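Take a look at the letters that make up each chain.
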Amino acid sequence: REMRNRIVICLAVFVIGMAVCLSLDSKIVTVLTDMGARYNYQFVYIAPQELLMSYFTIAFAGGIVIAVPVIAYHAYAFCSPGLTKSERMYFGLAMIFGAICFCVGVAFAYFITVPFMLGFLISFTKDVNVRDSISIGEYLNFLVTVFLIFGTEFEMPVISVILTRMGIILAEWLAKARKAMIVVIFFLAA
């Protein structure tokens, strides 16, 4: 019963968050398209429902972002009676630092990575006779994907600490695999 009640609360927060984001969708889309407009991107929609579906995509992502802290809290509250005092402390710290790292990752993507990517990608149209008319749906999906990827990637230190504390990963393994992992990271980044 307790789990069901907590899931209902989390779903309610998600739906409310999605509704709030739906009411702010035009403002959110304006902020995101202004970023592309600085690089002379021209946005179009090529299907009658494309802009509406883009609004729902943004609202869905916003609902998830708003609900995640509530979900994390209820997961913690549900599990905390079975945890020791130190485990509760680590769980709480992991939630706090995970949220901070996710926000820093999204901010890094918004202020540094995406402007660089937009400028770089639009530069390919200068040497050829191709006009840029970007589908608003594709553009917004691109941004949401980049924000989620960077937010998730910036949580890797928190995940590493958690796995090390749980004994799943040993610090010695991380030290031994450092050189190989640097090569793998550069490969994946490319």
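A brief report on the enclosed structure follows. (Residues numbered from 1 in each chain as written. Predicted model: local features only at pLDDT ≥ 70, side-chain atom pairs only at ≥ 80, totals over all residues. Heavy atoms only, no water.)

## A word on helix H8 (residues 178-189)
In step 1: Its twelve residues place the ends of H8 16 Å apart at the C-alpha level, agreeing with the 16 Å of an ideal helix rising 1.5 Å per residue.
In step 2: Burial analysis of H8 places just zero of its twelve residues in the buried class, a small minority of the element. (Helix = DSSP H or I, 4+ residues; strand = E, 2+ residues; numbered from the N terminus. Expected span 1.5 Å × (residues − 1). Buried < 20%, exposed > 50% of the residue type's maximum accessible area, 1.4 Å probe, protein only.)

## Overview of the side chain of serine 54
In step 1: Among the structural elements, serine 54 can be located in helix H3 (residues 50-79).
In step 2: The buried category is assigned to serine 54, whose relative accessible area is 3%.
In step 3: What serine 54 contacts, discounting residues up to four positions off in sequence, is Ile136, Gly137 and Leu140. (Contact = heavy atoms within 4.5 Å.)

## Thoughts on the nonpolar core
What tends to happen in soluble globular proteins is that the nonpolar side chains get buried as a cluster.
In step 1: Within the largest apolar cluster, 15 residues are counted, with the highest numbers of intra-cluster contacts made by Leu32, Val114, Tyr139 and Leu140.
In step 2: Top element by residues in this core is helix H5 (residues 136-153). It accounts for six residues.
In step 3: Listed in part, the five residues of the second largest apolar core include Phe14, Met18, Cys21 and Ala67. (Core = buried A, V, L, I, M, F, W, Y, C linked by side-chain atoms within 4.5 Å.)

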